[in-house]
Amino acid sequence: MSSKTLIAVKNLSTVVTQAQIAKAVPALQKQVSNDFCSAWGIDAKLQLLTKSQKVPTGAWLLGLFDDADQAGALGYHDLTRTGQPLGKVFARTTINDGGLWSVTCSHELLEMLADPNINLCAFDEANRRLYAYEVCDAVEADKLGYQIDGVTVSDFVLPGWFEPTHVSKGERFAFKSKVTRPFQLLAGGYISYFDLAGGGWQQLTARTTPSDARQMSAATSPPAPYTARPRVGSRRERRRLPKAQWLVSTAS
């Protein structure tokens, strides 16, 4: 019997057909078992359900929905009331934002596998920060994704991206994108971090100017202002609150 985590994929969206998700699931399975597992040592088995099928006991749910239930979110991963990891993909919100729902789906799937309890961080000693273990955020732009059997999936960073003191010659920091150092953000990317100097949870966002389109690293990007408070129910809010104070999600 396989010990792999079972991910139940369920399409509750009206803008993605069952045929489209049926095409995407094998591509997502290849990404997890071939690309992601080879780098992170984490594998899972994906099982596509119909709308009427119940999620198997012990399985994690990756659900496709139409509209975001958190302002500004294209998708996120969370925990249910029973502590089971849950990924939500907002297909219509993603499409209306000009994005690809398959990239959002891949993004949330990989991040749910890498940090199922939303509690892992990496220490940046030079800047006195703890970076959240979000493996797709730094390279999340659709244009940085890649195709598997005609399905576009999200790029993701490799373990060395979180290890600034263990850089080796010729080391790669992302699966497809040209990331040259730990904690570097590519255009369209961001990362949440905890400021050990007392600033709490902040967010760094890659930025470019007309005169300088070079990709900037997290170490040189300015933090979000204090007034940029995290959304209620967002991962950034969860990371700054004791788990007993979380507003948990449901599968619907």
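Residues numbered from 1 in each chain as written. Predicted model: local features only at pLDDT ≥ 70, side-chain atom pairs only at ≥ 80, totals over all residues. Heavy atoms only, no water.

Overview of helix α1 (residues 18–40)
Selection rule: Note that bend, as reported per residue, equals the angle between axes fitted to the 7 residues terminating at that residue and the 7 residues originating from it. A run of DSSP states H or I qualifies as a helix once it reaches four residues; a run of E qualifies as a strand once it reaches two. Both are numbered from the N-terminal end. Exposure classes here rest on a 1.4 Å probe applied to the protein chains alone. A residue is buried below 20% of its type maximum, exposed above 50%, and partly exposed in between. Throughout, a contact is declared for two residues whenever any of their heavy atoms are within 4.5 Å.
Its axis deflected by about 30 degrees at V32, α1 carries its strongest bend there. Along α1, the positions that sit buried rather than exposed are I21, A24, V25, A27, L28, Q31, V32, D35, F36 and W40. Where α1 is buried, its residues meet β1 (5–11), β2 (44–49), β3 (60–65), α3 (101–114), β8 (146–148) and β9 (151–153). After α1 finishes, the residue G41 shows a positive phi value of roughly 70 degrees.

Focus: the environment of G199
Tracing the backbone through its elements, the reader meets G199 in the loop between β10 (190–195) and β11 (200–205). A relative accessible area of 28% means that G199 is categorised as partly exposed.

Here's the deal with the sheet that holds β10
Just so we agree on the cut-off: Two strands pair under a simple rule: DSSP has to find at least two bridges between them. Only the contacting stretch of a helix is used when fitting its axis, a line to C-alpha atoms as for every element, and angles between N-to-C directions run 0 to 180 degrees.
The antiparallel open sheet is built from four strands, whose spatial order is β6-β7-β10-β11. Here the strands that pair on one side only, and so sit at the sheet edges, are β6 (121–124) and β11. Across this sheet, the average inter-strand angle for adjacent strands is 35 degrees, counted without regard to direction. Of the pairings in the sheet, the one linking strand β7 (residues 129–132) to β10 comprises three bridges and is antiparallel in character. From the neighbouring strand, Y131 faces β10, where its bridge partner is Y193.

Here's the deal with the confidence of the model for the protein chain
How we decide: pLDDT is a per-residue confidence score from the predictor, ranging from 0 to 100.
When the pLDDT values of the protein chain are averaged, the result is 84; 80% of them are 70 or greater. The low-confidence segment residues 208–233, where pLDDT is below 50, has 53 contacts with residues more than four positions distant or belonging to other chains.

Some words on unusual backbone geometry
The backbone of R128 shows a phi angle near 55 degrees, a positive value even though the residue is not glycine. In this structure, R128 sits in the loop between β6 and β7. With phi around 65 degrees, F183 is a residue other than glycine that occupies positive phi space. Structurally, the position occupied by F183 is in the loop between β9 and β10.

With respect to the pairing of β2
Worth spelling out the cut-off: By the criterion used throughout, a crossover qualifies as right-handed when its path from the first strand across the helix to the second strand runs clockwise, the strands pointing away from the viewer.
Two strands pair when backbone bridges link them, and β1 and β2 are joined in this way by six bridges, in the parallel orientation. Among the inter-strand pairings, K10 is bridged to a residue of β2, identified as L49. The β-α-β motif built from β1, the intervening α1 and the parallel element β2 has right-handed crossover chirality.

Regarding the sheet that holds β1
With mixed pairing, the five strands of this open sheet are ordered in space as β2-β1-β3-β5-β4. The open sheet has two free edges, formed respectively by β2 and β4 (75–79), since each of these has just one partner strand. If you compare each strand with its neighbour and ignore which way they point, the axes differ by 20 degrees on average. Where β1 and β3 come together, five bridges link them in parallel fashion. Paired with V9 across the two strands is L62, which belongs to β3. Contacts from α1 reach β1, β2 and β3 within the one sheet, and its direction differs from that of β2 by about 175 degrees. Most of the contacts of α3 go to β3, to which it runs at about 160 degrees, and overall it touches β1, β2, β3, β4 and β5 (85–90).

A word on the pairing of β10
As a general feature of sheets, a regular strand has side chains that alternate between the two faces. Judged by how many residues are buried, β10 sits mostly within the fold: five of six residues are covered. Where β10 lies against β11, six bridges are found, and the strand directions are antiparallel. Within β11, the position partnered with Y190 by the bridge is T205. Hairpin connection of β10 to β11: four residues between the antiparallel strands, including G198 at a positive phi of 120 degrees.

Considerations on the nonpolar core
Applicable threshold: As used here, the term nonpolar core means buried Ala, Val, Leu, Ile, Met, Phe, Trp, Tyr and Cys residues forming a set that is joined through side-chain atoms within 4.5 Å.
Counting residues in hydrophobic clusters, the biggest one holds 54 residues, and the most contacted among them are I7, L109, V135, F156, W161 and F162. Looking at this core, the elements that each hand over two or more residues are β1, α1, β2, β3, α3, β8, β9 and β10. Setting aside chain neighbours within four positions, we find F156 in contact with Q31, D35, F36, A39, W40, L110, V135, C136, V139, Y146, A174 and F175.

Regarding the environment of G145
The residue G145 is located in the loop between β7 and β8 in this model. Dropping the residues within four chain positions of it, G145 is found in contact with T152, V153, S154 and D155.

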